[in-house]
Amino acid sequence: MEKYYITHLRELESEAIYVLREVASQFENPVLLFSGGKDSIVLGWLSNKAFFPSKIPYPLMHVDTGHNFEETITYRDDFVKQLGAKLIVTSVQDSIDKGRVTEETGKYASRNALQSTTLLDAIGENKFDGAIGGARRDEEKARAKERFFSHRDEFGQWDPKNQRPELWNIFNGRKHMGEHFRVFPLSNWTEMDVWQYIALENIPLPSIYFGHPREVVHRDGVMLANSPYLQVDCEDKVEELVVRCRTIGDMTCTGVVKSEATTVEDIIQEVASTRITERGGRFDDKRSETAMEDRKINGYF
């Protein structure tokens, strides 16, 4: 890796650690939202660096849709144990059972959007006042509107037109009772930065990030990993291919890509040459032109 790029990564690392320490300083009861994806993994890694040799001063919380990749859950438990951190798991199935949300039906049903209610309920029940997330501004146009410290009102809603200015890395975490902040330490990172940092730090990853044989379903220009959670009919083409995930989430909406990549270096070469955006294979983003922003306004990550 070139010396210039290592310096660039260390600057991003320093910025993220600064933000994480600001979270610990300004908020009474923060939490790190952990999906098992590469960005939240990097956040866990950075949190360990930020407070070492002390333990991470906030728990990790996973909003479990019940439709996760099995590899993600296995990795989650091993990674949290490695960090010596506390893990909180909150369940979309519990929200369904309590009548807080209604399960979608039909061929395109997904639990992805239902996570917002489960997340907001967990934030309220645990009285979290700062929720750290791995979103980056380069991922999607709605996420590009976020600040490092992104205010949420007492209903957990986000107003993208009423964000606080952040000059000279001065972050305003003041809030009223019942309000909270989403915090995004990786805001200025790109997908390439994340992969280069993973390579630099030799961070372990879930196996589904690397090329592996898997049965996939072709649906409306997206390849989805076949699973019991998908309704497959005669219009869907099903075949086995060597694929990997670029992002990780609910299996009903997380697209996979053809790939023979078996190392992080292989993935870096793929990312450098691809013309498809990271979330280009996310089925949930294709529901409307403003799908992500609509979900974020209502409390999504």
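Here the structure is a predicted model, which is why all the values come from computation and not from measurement. (Residues numbered from 1 in each chain as written. Predicted model: local features only at pLDDT ≥ 70, side-chain atom pairs only at ≥ 80, totals over all residues. Heavy atoms only, no water.)

Engineer: I'm lost on the packing of helix H2 (residues 38–51) against helix H6 (residues 191–201) in this one. Help?
Structural biologist: The relative placement of two packed helices is expressed as an angle between their axes plus a distance between the axes. Where H2 contacts H6, the axes come no closer than 11 Å and their chain directions differ by 50°. The orientation of H2 with respect to H6, classified from their angle, is oblique. When the axes of H2 and H6 are compared, the crossing they make is left-handed. Facing Lys38, Asp39, Val42, Trp45, Leu46 and Lys49 of H2, the residues of H6 in contact are Glu191, Val194, Trp195, Tyr197, Ile198 and Glu201. (Axes fitted to C-alpha atoms, helices over the stretch in contact; angles between N-to-C directions. Helix = DSSP H or I, 4+ residues; strand = E, 2+ residues; numbered from the N terminus. Parallel < 35°, antiparallel > 145°, perpendicular 65-115°, else oblique. Left-handed = near helix turned anticlockwise from the far one by under 90°. Contact = heavy atoms within 4.5 Å.)

Engineer: In this structure, what is going on with the domain arrangement of the protein? I would like to understand it.
Structural biologist: When the parts of a complex come together, some accessible area is lost, and that lost area is often used as the size of the interface. In terms of domain boundaries, the protein breaks down into domain 1 (8–193 + 290–297) and domain 2 (207–283). Here the C-alpha centroids of domain 1 and domain 2 sit 24 Å apart. Taken together, the contact between domain 1 and domain 2 spans 26 residues of the former and 28 residues of the latter. Of the roughly 2,300 Å² buried between domain 1 and domain 2 on both sides combined, carbon and sulfur atoms contribute 52%. Connecting domain 1 to domain 2 are five salt bridges. Summed over the shared surface of domain 1 and domain 2, the result is 13 residue pairs in polar contact (both at pLDDT 80 or more). Counting only elements with at least two residues in the side of domain 1 that touches domain 2, the list comes to H2, helix H3 (70–83), H6 and helix H8 (291–297). (Domains from an automatic or database assignment. Buried area = accessible area lost by both parts, 1.4 Å probe. Salt bridge = Lys/Arg side-chain N within 4 Å of Asp/Glu carboxyl O. Polar contact = N/O pair within 3.5 Å; in protein donor to acceptor, adjacent residues only side chain to side chain.)

Engineer: Explain the nonpolar core here, please?
Structural biologist: Soluble globular proteins tend to bury their nonpolar side chains together. Val42, Leu46, Phe149, Trp189 and Trp195 are the most contacted members of the largest nonpolar core, which has 58 residues in total. Formed by 14 residues, the second largest nonpolar core is a distinct cluster that contains Val92, Val101, Ile123 and Phe128. (Core = buried A, V, L, I, M, F, W, Y, C linked by side-chain atoms within 4.5 Å. Buried < 20%, exposed > 50% of the residue type's maximum accessible area, 1.4 Å probe, protein only.)

Engineer: I keep staring at the pattern of salt bridges and nothing clicks. Help me out?
Structural biologist: Should their charged atoms come close, side chains of opposite charge can pair. Following the criterion strictly, the structure yields 20 salt bridges and no others. Arg10 is the salt-bridge partner of Glu13, the closest N and O atoms lying 3.1 Å from each other. Of this pair, Glu13 and Arg10 are both found in helix H1 (residues 3–26), three residues apart, which corresponds to roughly one turn of the helix. Here Arg10 falls in the partly exposed class, since its relative accessible area comes to 31%. With its nearest N and O atoms 3.8 Å apart, the salt bridge here joins Asp39 to Lys38.

Engineer: Honestly, H3 in this entry has me stumped. Any pointers?
Structural biologist: For an α-helix, the turn length of 3.6 residues means that residues three or four places apart are oriented alike. Taking 1.5 Å per residue as the helical rise, H3 with its 14 residues ought to reach 20 Å, and the 20 Å between its terminal C-alpha atoms agrees with that figure. Within the sequence span of H3, burial applies to Thr72, Tyr75, Arg76, Phe79, Val80 and Leu83. Summarising the axial view, the buried residues of H3 lie within an arc of 125°, below the 170-degree limit, and thus occupy one face. The outward face of H3, more than 90 degrees from its buried face, is lined by the exposed residues Glu70, Asp78 and Lys81. Elements that come into contact with the buried residues of H3 comprise H2, strand E2 (60–64) and strand E3 (87–91). (Expected span 1.5 Å × (residues − 1). Arc of directions from axis to C-beta.)

Engineer: Can you help me understand the layout of surface pockets in this one?
Structural biologist: In this approach, a probe sized like a water molecule rolls over the atoms, and the result shows the empty space that is left. Estimated volume of the largest pocket: approximately 340 Å³. In this structure, the largest pocket is lined by 18 residues; those nearest its centre are Lys127, Phe128, Asp129, Gly178 and Glu179. By residue number, the principal contributor to the lining of the largest pocket is helix H5 (residues 115–126), which donates three residues. Its residues assigned to classes, the lining of the largest pocket comprises five nonpolar, six polar and seven charged. (1 Å grid on protein atoms, 1.4 Å probe; cavity = no way out; pocket = protein on both sides within 12 Å on 5 of 7 lines; lining within 4 Å. Points joined across faces, edges and corners; volume = space filled by probe spheres on them. Nonpolar A, V, L, I, M, F, W, Y, C, P; charged D, E, K, R; others polar.)

Engineer: Help me understand the packing of aromatic side chains in this model?
Structural biologist: Any two aromatic rings considered together are summarised by their centre-to-centre distance and by the angle between their planes. Summed over the entire model, instances satisfying the criterion amount to 11 aromatic pairs. Relative to Tyr209, the ring of Trp195 has its centre 5.5 Å away and its plane inclined at 85°; by these criteria the two rings are edge-to-face. Of this pair, Trp195 sits in helix H6 while Tyr209 sits in the loop between H6 and strand E7 (212–219), placing them 14 residues apart in sequence. Given the relative accessible area of 0%, Trp195 is considered buried. Using a relative accessible area of 1% as the deciding quantity, one classes Tyr209 as buried. Here the aromatic cluster, defined as three or more aromatic residues joined through ring pairs, consists of Tyr18, Phe27, Phe148, Phe149, Phe171 and Phe181. Here the guanidinium or amino end of Arg137 rests over the ring plane of Phe148, the centre of that ring lying 5.2 Å away. (Phe/Tyr/Trp six-rings, centres within 6.5 Å; stacked < 30°, edge-to-face > 60°. Lys NZ or Arg CZ within 6 Å of the ring centre and 35° of its normal.)

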